[in-house]
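Chain by chain, the residues run as shown.
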Amino acid sequence: MKFATRMSRLGTESAFEVLARAKALEAEGHDIVHLEIGEPDFDTPHDIVEAAVQALRDGYTHYTPAAGMPVLRQAIADYVSHTRDVNITPDQVVVVPGGKPVMFHTMMMLCEEGDEVIYPNPSFPIYESMINFSGAKAVPIRLSMDRGFGFAPEDLEALVTPQTRLIIINSPANPTGGVQSAEDLRAIAEIAIKHDLIVLSDEIYSRIIYDGEFFSIASIPGMLERTIILDGFSKTYAMTGWRMGYGVMPATLAQRMAQLVVNSTSCTAAFSQVAGAAALTGSQADVDQMVAAFRERRDLVVAGLNEIPGFKCIVPRGAFYAFPSIEGTGLKSKDLADRLLSEAGVAVLSGTAFGAYGEGFLRLSYATSKDNINRALERIDAVVRKG
Ligand code: PLP
């Protein structure tokens, strides 16, 4: 079969591959602790499920407007206005099936050969994959553990060229749990304005934050008109399987993104959208409880990882991932991740699954029970001590 050339530039998300391998081992009777996949282990809150069930009974089983149902676009506009301290109207909102399509559509509508996109590395692998797919050049900016997995604004400016079109930022971040400081975001905004760049701000973990308040680059004067906010329901409301996300951007961009939606998915599932509106406007108590549980697990996993010879883990300030350095073990990230799965039944991801600068790290998702975390820590420790 001959494929279009662009297919050779498309990457993947290896969390799904590791999950498949782990499931295959489980099917053979092995006991596996899953720390590979980035999704809350909690069920979707009851009220949200009930809203979807009622919506199905009420006949929300048809197409909706491509950019989303008016009631949901309004709820999102209100929510984003409130949480980012900005003024958003529904025509700036595009509802899509998950956060990922916002990346896909952003690259498709803004980037092409000859353009450059600056993106954090290590980071969610779909950024690099989609930049390459669009034909643009992917320009990594290295995140360092010493800076809490942020980057220095001056390092960003050094990478800007006349071809730079877009900067991607992600705070709180996958895979590192890092949170970019408000001061750094202000400096990044200054660079974006000075060089007339667009910012894709992936804020999917904006509610899963442990210290202080979430701060969006879109809140900075002059940024709303050049920022595409990516957010969604997957992580905040434990709704990964519902496929519900959205982009918030200037209305002219929103219209073009909606055109891509017409050409791809037509719309997001109607009953999911009704449930999404219920999620945003209903009680947030379940979210708070989930974040409190993640915080306890974070403390457990970080303390345990720092006991393992050759591991060093800083405290993640958001999301639900630990990203320990394993440099002290002398092992390669991918080799250790493979051994942990095959020898100890612990599924984790190699830091290199998130880009070349992820070498020397592992990613562990701690969105699982304390029991599982303790079992995983014991097993990892045993493998590392074996050498
Ligand atoms: N952005 C980041 C940083 C993520 O980690 C993920 C999922 O893991 C997404 C976006 C995509 O979320 P969704 O499942 O809603 O497409």
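Predicted, not measured: the structure shown is a model, and the values here were computed from it.

1. Details of the overall build of the protein chain
Stage number 1. When its secondary structure is counted, the protein chain shows twelve helices and twelve strands.
Stage number 2. Against the 2.2 N^0.38 benchmark of 21 Å for 387 residues, the protein chain shows a C-alpha radius of gyration of 21 Å, consistent with a compact globule.
Stage number 3. Residue burial in the protein chain is summarised as follows: out of 387 residues, 56% are buried.
Stage number 4. Looking at the protein chain alone, contacts between residues at least 24 apart form 74% of all its contacts between residues at least 6 apart.
Stage number 5. Looking at the protein chain as shown, the accessible area adds up to about 16500 Å², and 51% of this sits on carbon and sulfur atoms.
Stage number 6. Distance between charge centroids for the protein chain: 4 Å, based on 34 positive and 47 negative side chains.

2. Remarks on the sheet that holds strand β11 (residues 349–350)
Strand-to-strand pairing in sheets goes through backbone hydrogen bonds, with the strands running parallel or antiparallel.
Stage number 1. The strand order across the open sheet built from three strands is β9-β12-β11, with neighbouring strands paired in antiparallel fashion. Each edge of the open sheet is held by one strand with a lone partner, namely β9 (321–322) and β11.
Stage number 2. Two strands pair when backbone bridges link them, and β9 and strand β12 (residues 362–365) are joined in this way by two bridges, in the antiparallel orientation. Bridge pairing links A322 to L364 in β12.

3. Digging into the site of the ligand
Stage number 1. Neighbouring the ligand are 14 residues; G99, D202, Y205, S234 and K235 lie closest to it.
Stage number 2. Contact distances for the ligand include 2.7 Å between an oxygen atom and a side-chain N or O atom of Y205.
Stage number 3. Its residues placed into classes, the shell around the ligand shows five nonpolar, five polar and four charged.

4. A short note on the sheet that holds strand β6 (residues 198–202)
Stage number 1. Here we have seven strands laid out as an open sheet, ordered β2-β8-β7-β6-β5-β3-β4, and mixed in their pairing. Bordering the open sheet on either side are β2 (93–96) and β4 (137–142), each of which pairs with just one other strand. Averaged over neighbouring strand pairs, the angle between their axes works out to 20° when direction is ignored.
Stage number 2. Summarising the sheet, strand β5 (residues 164–170) and β6 pair through five bridges and their orientation is parallel. From the neighbouring strand, I169 faces β6, where its bridge partner is S201.
Stage number 3. Where helix α5 (residues 125–134) meets the sheet, it contacts β3 (116–121), β4, β5 and β6, and its direction lies at approximately 165° from that of β3.

5. Examining the side chain of S129
Stage number 1. Relative to the elements of secondary structure, S129 occurs in helix α5.
Stage number 2. A residue is classified by how much of its surface remains accessible, and S129, at 6% relative accessible area, is buried.
Stage number 3. In contact with S129, other than residues within four places in its own chain, are R9, L10, G11 and T12.

6. With respect to the domain arrangement of the protein chain
Stage number 1. For the protein chain, the assigned domains read domain 1 (5–44 + 285–386) and domain 2 (61–281).
Stage number 2. Taking the mean C-alpha position of each, domain 1 and domain 2 sit 25 Å from one another.
Stage number 3. Contacts between domain 1 and domain 2 engage 40 residues on the former and 39 residues on the latter.
Stage number 4. Counting the surface domain 1 buries against domain 2, the share from its top three residues, R317, F354 and Y357, is 22%.
Stage number 5. At the surface where domain 1 touches domain 2, the tally comes to two salt bridges.
Stage number 6. One salt bridge in this structure joins R317 and D211, with 3.7 Å as the shortest N-O distance.
Stage number 7. Where domain 1 packs against domain 2, one counts 20 residue pairs in polar contact (both at pLDDT 80 or more).
Stage number 8. Listed by contribution, the elements that provide at least two residues to the side of domain 1 that touches domain 2 are α10 (285–305) and β9.

7. Here's the deal with the packing of helix α1 (residues 14–27) against helix α11 (residues 333–344)
Stage number 1. The contact between α1 and α11 brings their axes to 11 Å, and the two run at 25°. The angle between the axes of α1 and α11 places the two elements in the roughly parallel class. Helix-helix and strand crossings are classified by hand; for α1 and α11 the assignment is right-handed. In this structure, α1 contributes R21, A22 and L25 to the contact, and α11 contributes K334, D338 and L341.
Stage number 2. The class makeup of the residues in the contact of α1 with α11 is three nonpolar, no polar and three charged.

8. Considerations on the side chain of T227
Stage number 1. Examined against the element boundaries, T227 turns out to sit in strand β7 (residues 227–232).
Stage number 2. The buried category is assigned to T227, whose relative accessible area is 1%.
Stage number 3. One polar contact links the side chain of T227 to the main-chain carbonyl oxygen of M223, over a distance of 2.6 Å.
Stage number 4. The residues touching T227, leaving out its near neighbours within four places in the chain, are V199, S201, I217, A218, V248, M249 and P250.

9. As for the packing of aromatic side chains
Stage number 1. Counting across every chain of the model gives twelve aromatic pairs.
Stage number 2. A ring pair is formed by F149 and F323, whose centres lie 5.5 Å apart and whose planes are at 75°; its orientation type is edge-to-face. Of the two residues, F149 sits in the loop between β4 and α6 (153–159) while F323 sits in the loop between β9 and α11, which places them 174 residues apart along the sequence.
Stage number 3. On the basis of relative accessibility, which here comes to 5%, the residue F149 falls in the buried class.
Stage number 4. Each member of the aromatic cluster is reached from another via a ring pair, and the members are F42, Y205, F294, F320 and Y321.

The rules we used
Residues numbered from 1 in each chain as written. Predicted model: local features only at pLDDT ≥ 70, side-chain atom pairs only at ≥ 80, totals over all residues. Heavy atoms only, no water. Helix = DSSP H or I, 4+ residues; strand = E, 2+ residues; numbered from the N terminus. Rg over C-alpha atoms; globule rule 2.2 N^0.38 Å. Buried < 20%, exposed > 50% of the residue type's maximum accessible area, 1.4 Å probe, protein only. Contact = heavy atoms within 4.5 Å. Areas by Shrake-Rupley, 256 points an atom, 1.4 Å probe, with all protein chains shown as cover. Lys, Arg positive; Asp, Glu negative; His and termini not counted. Charge placed at Lys NZ, Arg CZ, Asp CG, Glu CD. Pairing = 2+ DSSP bridges. Near = heavy atom within 4 Å. Polar contact = N/O pair within 3.5 Å; in protein donor to acceptor, adjacent residues only side chain to side chain. Nonpolar A, V, L, I, M, F, W, Y, C, P; charged D, E, K, R; others polar. Axes fitted to C-alpha atoms, helices over the stretch in contact; angles between N-to-C directions. Domains from an automatic or database assignment. Buried area = accessible area lost by both parts, 1.4 Å probe. Salt bridge = Lys/Arg side-chain N within 4 Å of Asp/Glu carboxyl O. Parallel < 35°, antiparallel > 145°, perpendicular 65-115°, else oblique. Left-handed = near helix turned anticlockwise from the far one by under 90°. Phe/Tyr/Trp six-rings, centres within 6.5 Å; stacked < 30°, edge-to-face > 60°.

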